There are 2 protein chains.
Amino acid sequence: MHPADRIQAAIEATGSIAVVGLDPRPTLIPPALRAEAARRWGETRLAVAWAFAEFNRRLLAAVHGACCAVKLQLACYEAYGAPGLQALEDSVTEARRLGIPVILDGKRGDIGDSAQLYAEAWLGAPAGFAGPLPAGASGDWLTVHPWLGSETLAPFCAHGGIFVLVKTSNPGSGELQDRALAEGGSVAEAVARLVHRLGEGRRGACGLSSVGAVVGATWPEQARRLRALLPDALFLVPGYGAQGASAEAALAGLRRDGRGCIVNSSRAIIGAWQHAASSDWTAAARAALEAMNEELRRARG
Amino acid sequence: MHPADRIQAAIEATGSIAVVGLDPRPTLIPPALRAEAARRWGETRLAVAWAFAEFNRRLLAAVHGACCAVKLQLACYEAYGAPGLQALEDSVTEARRLGIPVILDGKRGDIGDSAQLYAEAWLGAPAGFAGPLPAGASGDWLTVHPWLGSETLAPFCAHGGIFVLVKTSNPGSGELQDRALAEGGSVAEAVARLVHRLGEGRRGACGLSSVGAVVGATWPEQARRLRALLPDALFLVPGYGAQGASAEAALAGLRRDGRGCIVNSSRAIIGAWQHAASSDWTAAARAALEAMNEELRRARG
């Protein structure tokens, strides 16, 4: 299925445009699960990886049906080597078993053959090739850097959906992205034009293309301008919640038909147990996600 | 040791400014080694990873003493999952055992905690942390994307050297990097200024800083301009040989004191056996490296 149609179908089935960020860290693992991991595996990276996989498995069961996708930050898994990759593989496999679309937040970007290898590794390998993810359990979407030019993004487009880093949520994102070009507009707007060109001819049945954009919730004015340049792009919106942006700000880039934005939240959902009265941490995650859905629903009007 | 001093010491010990790119692909593995891998492990990704580790081990023995560093393209290893990571770990450990500086070509770039995780994963973890590379066997340098702004590069600087992608060697690199800014100069030149600022206070005894720049051999005019903006940066120069640039072009960014550039070659060295008369593939790699050293020496005058 076209990657945008897969997300759109999940939005229609769940009524949610929330993306749950499965970005585990040791400090986000509830104490009981941490203790269980230590009992089984001692103080090793295997214990961390096992805890990540188990944490995600139970979170996926809890958020299933109430989000349109999950996003896995590759840095969290890569930091633990081979056991970390195994936890990633287990989590992606489980998400796919549940029918939840998978966004891999790898922020990859390289030239020629290397771009091709990253594309095959994360978005799907050719038949007979055994990559880091098992056959049939690759990501639907991968986040990518535009800095090396659109020729380096093309290999990814052949394998799945990409979210190009157009305007990121971090405070210092403007240092390069907001610079004014001699030709007019900002560098981020120039990137938006490239994204639009790459997406032409790659629209799914839902009208959105498989070349999307990361547009931070922290810059609503720019999200509006970028939407004008990117009428058919799905925006993956980080920065809501933990990074301080409101639901209204996160939805600044919505299209008139109410489509075109999916909003990520990680720590506020998967770490909700840290501020919950009860010790039922999966219930805390589900409740935080439902509160987010409600906020987004109200903001969409 | 400061990462620039480590490279400078290797340059002085070997008389070489060549970097050998250990970027293995199945097609670059000599037939006898490929057959041995298949005998041991069948047609699996384990066979590929074993062949990569063995290929690199023998290559490292062959090029040792005739290059100033090795560069490992992470995409090549990541594509094979956990066994691929093991091959990477084995190769980095072996390079360090031989005293060869290690550049990890991961082209990473992310915000906040994720940048921190990538930095710890590839440039050295805090004590007690077990990352993808064993303690004491992390990279000396990592390549990084500047697109998210210099605040996202700072976490890397605390852990080791970084080569920031300033002007890449690929044909389409100009699409963003060469755009003219309203303030004057190109976007790549603006990145160069950020790199220079980040490098202040990070100079080693050799006078070069731990914040370097990737500057493609394919753009010698720009390398000269970038050198003026980056007097203390080590340039990692790709694009020589297989990508068509001459030794003169690769050295366009040299400082007056003859320092400041190291030149990468991958396929032309590790795949030299494909065009050699003899079946001794390690000798072919060594001969290709010595020919490259000779060319670079002549070009330096």
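Residues numbered from 1 in each chain as written. Chains lettered and ligands numbered in written order. Predicted model: local features only at pLDDT ≥ 70, side-chain atom pairs only at ≥ 80, totals over all residues.

Caption draft 1: Focus on the interface of chain B and chain A. Taken together, the contact pairs 48 residues of chain B with 48 residues of chain A. Elements supplying a minimum of two residues to the side of chain B that touches chain A: α4 (74-78), α5 (81-97), α6 (112-123), α8 (174-177) and α9 (187-199) of chain B. No other element matches the six residues that α6(B) contributes to the side of chain B that touches chain A. A class-by-class count of the residues in the side of chain B that touches chain A yields 24 nonpolar, 16 polar and eight charged. (Contact = placed C-beta atoms within 7 Å. Helix = DSSP H or I, 4+ residues; strand = E, 2+ residues; numbered from the N terminus. Nonpolar A, V, L, I, M, F, W, Y, C, P; charged D, E, K, R; others polar.)

Caption draft 2: Broad picture of the environment of A276(B). Tracing the backbone through its elements, the reader meets A276(B) in the loop between α12 (267-270) and α13 (281-300). Each C-alpha atom, one on A276(B) and one on A38(B), is 24 Å from the other, the two residues being 238 residues apart in sequence.

Caption draft 3: Molecular detail of unusual backbone geometry. All names here are of chain A. Residues other than glycine seldom take positive phi values, yet K107 does so here, at roughly 45°. Here K107 shows up in strand β3 (residues 102-108). By the C-beta count within 10 Å, which is 27 here, K107 ends up buried. (Buried ≥ 20, exposed ≤ 12 C-beta atoms within 10 Å, placed from the backbone.)

Caption draft 4: Main features of the relation of the copies chain B and chain A. Each copy of the sequence occupies a distinct position, and chain B is placed on chain A by a rotation of 180° and an axial shift of 0.0 Å, giving an RMSD of 0.0 Å. Accordingly, the operation relating the two chain copies is best matched by a two-fold axis. Here 100% of the interface residues in chain B have copies in chain A that are interface residues too; the copies meet face to matching face. (Least-squares fit on C-alpha atoms with pLDDT ≥ 70 in both.)

Caption draft 5: Seen up close, the sheet that holds strand β5 (residues 161-167) of chain A. Residues and elements named next belong to chain A. Strand order in the closed barrel formed by eight strands is β1-β2-β3-β4-β5-β6-β7-β8, with parallel pairing between adjacent strands. Across the sheet, the mean angle from the axis of one strand to that of its neighbour is 30°, orientation sign disregarded. Judged from the three bridges that link them, β3 and strand β4 (residues 141-144) form a sheet pairing that is parallel. By the bridge assignment for β4, R108 is matched with V144. Packing of helix α13 (residues 281-300) onto the sheet brings it into contact with β1 (18-21) and β8 (261-265), and relative to β1 it is tilted by some 150°. (Pairing = 2+ DSSP bridges. Axes fitted to C-alpha atoms, helices over the stretch in contact; angles between N-to-C directions.)

Caption draft 6: Focus on the pairing of strand β2 (residues 69-73) of chain A. All names here are of chain A. Among the five residues of β2, five are classified as buried, and the element is accordingly described as predominantly covered. What you see with β2 is no split at all: A69, K71 and Q73 on one side and V70 and L72 on the other are buried throughout. Bridging between β1 and β2 involves three bridges; their strand directions are parallel. If you follow V19 over to β2, its bridge partner there is A69. Direction of pairing for β2 relative to β3: parallel, over a ladder of four bridges. Bridging from a neighbouring strand, Q73 pairs with D105 of β3.

Caption draft 7: Fine view of helix α3 (residues 45-63) of chain A. If you check α3(A), its first and last C-alpha atoms are 26 Å apart, about what 19 residues at 1.5 Å a residue would give, namely 27 Å. Most of α3(A) sits inside the fold, with 14 of its 19 residues counted as buried. (Expected span 1.5 Å × (residues − 1).)

Caption draft 8: Spatial organisation of the sheet that holds strand β3 (residues 102-108) of chain B. All names here are of chain B. Pairing in this closed barrel of eight strands is parallel, and the strands run β1-β2-β3-β4-β5-β6-β7-β8 around the ring. For this sheet, the mean inter-axis angle between neighbouring strands, taken without regard to orientation, is 30°. The strands touched by α5 within the sheet are β2 (69-73) and β3, with β2 carrying the most contacts at an inclination of about 175°.

Caption draft 9: Representation of the packing of helix α9 (residues 187-199) of chain A against helix α10 (residues 220-229) of chain A within the structure. Residue and element names in this part refer to chain A. α10 packs onto α9 with a crossing angle of 35° between their chain directions and a minimal axis gap of 9 Å. Of the two possible hands of crossing, α9 and α10 adopt the one that is right-handed. Contacts between α9 and α10 involve A188, E189, A192, R193 and H196 on the former and, on the latter, Q222, R225, L226 and L229. Per-class residue counts for the contact of α9 with α10 are four nonpolar, two polar and three charged. (Left-handed = near helix turned anticlockwise from the far one by under 90°.)

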